[in-house]
Amino acid sequence: MSPFETWVCRRMAALSLLFGQRESALRFLGRIVAANPRDATAIAAIGYQYAQAGRKSEALALFDRLLALQPDNAEAHFNRGFLLQERTDHEAAMGAFRRALELDPKHDRALYGLGLSLIASRRLEEAIAPLKQNTRLQPMSPFGWYQLARVQFELGRRDEAQKVLDHLQRFEPKVARQLERETGLKATPN
């Protein structure tokens, strides 16, 4: 396949996805990989689409294949970790998230994923550091804050959980109300 044909296939895949035609996009991406089995961009795109379509095992195999080609690809390690986490293989997921963070210490989603797997593994104390770092990198995303408050509350640190709840109330009141219902804490009025 010529570089131009590869370019056309990539554009056709993008257009197919734009119009909600995942299978068509996968055919175009598959043509690229058939012609060039080492095309990391196409492999990653297929893996992502498989994951979105619920084809998790196939997606995981593709991210493993991608990592064989590009072992220092932080995003591929993250995607692999995410898929492992969905399988509840939290030990392997933590390894993948940690590798992503070695390669990209500011990978906020890997920090959040690591925190979630630590929580699922009941390693609550260890979950605090990645969740705090996630909130520093994504201060306006309520997800890391919410999980941080839940961990602090479960560890009996009501004052710390209250601080997070009050912070959430200022920018994401809906999530703050959910946290109030789950913990019994009440946000301090501004």
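This text follows the structure it describes.
Below or above, wherever it landed, is the structure these notes cover. Computed from a prediction, not measured in an experiment: that's the story for all the values here.

### A look at the nonpolar core
Here is step 1 of the chain: Formed by 53 residues in total, the largest nonpolar core has its most connected members in Ile46, Val151 and Leu168.
Here is step 2 of the chain: Filtering out sequence-adjacent residues up to four positions away, Val151 remains in contact with Ile119, Leu124, Ala127, Ile128 and Leu131.

### Describing helix H5 (residues 74-86)
Because an α-helix completes one turn every 3.6 residues, residues spaced three or four positions apart along the sequence face the same direction.
Here is step 1 of the chain: The terminal C-alpha atoms of H5, which comprises 13 residues, lie 18 Å apart, in line with the 18 Å expected from a rise of 1.5 Å per residue.
Here is step 2 of the chain: Listed in full, the buried residues belonging to H5 are Ala74, Ala76, His77, Phe78, Asn79, Gly81, Leu83, Leu84 and Gln85.
Here is step 3 of the chain: Tucked into the core, H5 has its buried residues touching helix H3 (40-52), helix H4 (56-69), helix H6 (90-103) and helix H7 (108-120).
Here is step 4 of the chain: The N-capping residue of H5, defined by a side-chain oxygen 3.1 Å from the backbone nitrogen of Glu75, is Asn73.
Here is step 5 of the chain: Positive backbone phi, at 60°, marks Thr88, one or two positions downstream of H5.

### Some remarks on unusual backbone geometry
Here is step 1 of the chain: The phi dihedral of Thr88 falls on the positive side, at around 60°, and the residue is not glycine.
Here is step 2 of the chain: A positive phi is found at Arg122, a non-glycine position, where the angle reads about 60°.
Here is step 3 of the chain: Arg122 sits in the exposed class, given a relative accessible area of 53%.

### Description of the pattern of salt bridges
Here is step 1 of the chain: Taken as a whole and judged by the stated rule, the model has 14 salt bridges.
Here is step 2 of the chain: Measuring nitrogen to oxygen at the nearest pair gives 2.7 Å for the salt bridge that ties Glu75 to Arg109. Residue Glu75 is located in helix H5, and its partner Arg109 is located in helix H7; the two are separated by 34 residues in the primary sequence.
Here is step 3 of the chain: You can call Glu75 partly exposed: its relative accessible area is 32%.
Here is step 4 of the chain: With relative accessibility at 38%, the residue Arg109 sits in the partly exposed group.
Here is step 5 of the chain: For Glu154, the salt bridge goes to Arg122, with nearest N and O atoms at 2.8 Å. Remark: Arg122 occurs in the loop between H7 and helix H8 (124-137) and Glu154 occurs in helix H9 (residues 142-154); sequence separation between them is 32 residues.
Here is step 6 of the chain: Judged by its relative accessible area of 39%, Glu154 is partly exposed.

### Structural notes on the environment of Ala59
Here is step 1 of the chain: Its place among the elements puts Ala59 in helix H4.
Here is step 2 of the chain: Those residues in contact with Ala59, other than ones at most four positions away along the chain, are Gly47, Tyr50, Ala51 and Leu83.

### Some thoughts on the packing of H7 against H9
Relative placement of two packed helices is described by the angle separating their axes and the distance separating the axes.
Here is step 1 of the chain: Packing of H7 against H9 leaves a shortest axis separation of 11 Å and a crossing angle of 25°. Viewed along their axes, H7 and H9 adopt a mutual orientation that is roughly parallel. As H7 runs across H9, the sense of the crossing is left-handed. Taken together, the residues of H9 that come into contact with H7 (itself represented by Tyr112, Leu116 and Ile119) are Phe143, Gly144, Gln147 and Val151.
Here is step 2 of the chain: Class assignment of the residues belonging to the contact of H7 with H9 gives a composition of 5 nonpolar, 2 polar and no charged.

### Examining the packing of aromatic side chains
Here is step 1 of the chain: All told, the structure shown has 3 aromatic pairs when counted by the stated rule.
Here is step 2 of the chain: Consider the rings of Phe4 and Trp7, whose centres lie 6.0 Å apart with planes at 25°: the pair is stacked. One end of the pair is Phe4 and the other is Trp7, both in helix H1 (residues 3-18) and 3 residues apart, which spans about a single turn.
Here is step 3 of the chain: Over the face of the ring belonging to Phe78 we find Arg109, whose NZ or CZ atom lies 4.5 Å from the ring centre.

So, how was this worked out
Residues numbered from 1 in each chain as written. Predicted model: local features only at pLDDT ≥ 70, side-chain atom pairs only at ≥ 80, totals over all residues. Heavy atoms only, no water. Core = buried A, V, L, I, M, F, W, Y, C linked by side-chain atoms within 4.5 Å. Buried < 20%, exposed > 50% of the residue type's maximum accessible area, 1.4 Å probe, protein only. Contact = heavy atoms within 4.5 Å. Helix = DSSP H or I, 4+ residues; strand = E, 2+ residues; numbered from the N terminus. Expected span 1.5 Å × (residues − 1). Polar contact = N/O pair within 3.5 Å; in protein donor to acceptor, adjacent residues only side chain to side chain. Salt bridge = Lys/Arg side-chain N within 4 Å of Asp/Glu carboxyl O. Axes fitted to C-alpha atoms, helices over the stretch in contact; angles between N-to-C directions. Parallel < 35°, antiparallel > 145°, perpendicular 65-115°, else oblique. Left-handed = near helix turned anticlockwise from the far one by under 90°. Nonpolar A, V, L, I, M, F, W, Y, C, P; charged D, E, K, R; others polar. Phe/Tyr/Trp six-rings, centres within 6.5 Å; stacked < 30°, edge-to-face > 60°. Lys NZ or Arg CZ within 6 Å of the ring centre and 35° of its normal.

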